[in-house]
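Read off the chains here:
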Amino acid sequence: MMEEHFTMLDRISIDPKVCHGKPCIKGTRVPVFVILDALAAGMTYEKISDDYPPITGDDIKAALSYACLVTEVVEARSAYQSSEVSRGTVADLMEDLAE
């Protein structure tokens with residue numbers, strides 16, 4: 001399942017010149033958090049796509065995948081800082097998550 005999340009990341013870009021470096025759907029100025037907020041507010045994929053015409057269902061799934069991976073990193077980092085896991089770099093943690 002995690003591998004699917006990583007493949008979806010191709011649809012997300014982070015560029016300091018676009019939306020102050022916030023993660024966006026690639027090729028747009030639609031930040032990931034806008035998509036997540038819309039989903040949390042109960043909007044359907046179709047309504048989000050209608051409100052943000054360049055956004056597709058796969059873009060919405062990519063936003064969810066990004067949120068999933070960020071959550072995993074935050075949780076892993078928290079465990080790392082509380083010494084519940086062995087010490088390593090964030091890159092090590094990401095590598096572990098990919099397995």
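Undergrad: Looking at this model, I keep getting lost on the nonpolar core. Mind explaining?
TA: If you look at soluble globular proteins, the nonpolar side chains tend to sit buried side by side. If you look at the biggest cluster of nonpolar residues, it comprises 13 residues, and the most contacted ones within it are Ile 12, Ile 25, Val 30, Ile 35, Ile 48, Ile 55 and Ile 60. At the level of secondary structure, the elements contributing two or more residues to this core comprise helix H2 (32-40) and helix H4 (57-81). By residue number, the principal contributor to this core is H2, which donates 4 residues.

Undergrad: Which parts of the structure should I look at to understand the side chain of Asp 59?
TA: Relative to the helices and strands, Asp 59 resides in helix H4. Judged by relative accessible area, which is 6%, Asp 59 ranks as buried. Those residues in contact with Asp 59 that sit more than four places away from it in its chain are Arg 11, Ile 25 and Pro 54.

Undergrad: I would appreciate a short explanation of the environment of Met 8 in the present structure.
TA: Its location among the elements puts Met 8 in helix H1 (residues 2-8). Taking the relative accessible area as the measure of exposure, Met 8 reaches 18% and is therefore buried. With 50 residues separating them in the primary sequence, Met 8 and Asp 58 have C-alpha atoms 8.1 Å apart. Apart from the residues within four sequence positions on either side, Met 8 is in contact with Asp 58, Lys 61, Ala 62 and Ser 65.

Undergrad: Can you help me understand the state of the cysteines in this one?
TA: Covalent bonding between the sulfur atoms of two cysteines is what defines a disulfide. By the definition in use, this model includes 0 disulfides. Free of any disulfide, Cys 19 has its nearest neighbouring cysteine sulfur in Cys 24, separated by 3.7 Å.

What counts and how
Residues numbered from 1 in each chain as written. Predicted model: local features only at pLDDT ≥ 70, side-chain atom pairs only at ≥ 80, totals over all residues. Heavy atoms only, no water. Core = buried A, V, L, I, M, F, W, Y, C linked by side-chain atoms within 4.5 Å. Buried < 20%, exposed > 50% of the residue type's maximum accessible area, 1.4 Å probe, protein only. Helix = DSSP H or I, 4+ residues; strand = E, 2+ residues; numbered from the N terminus. Contact = heavy atoms within 4.5 Å. Disulfide = S-S within 2.5 Å.

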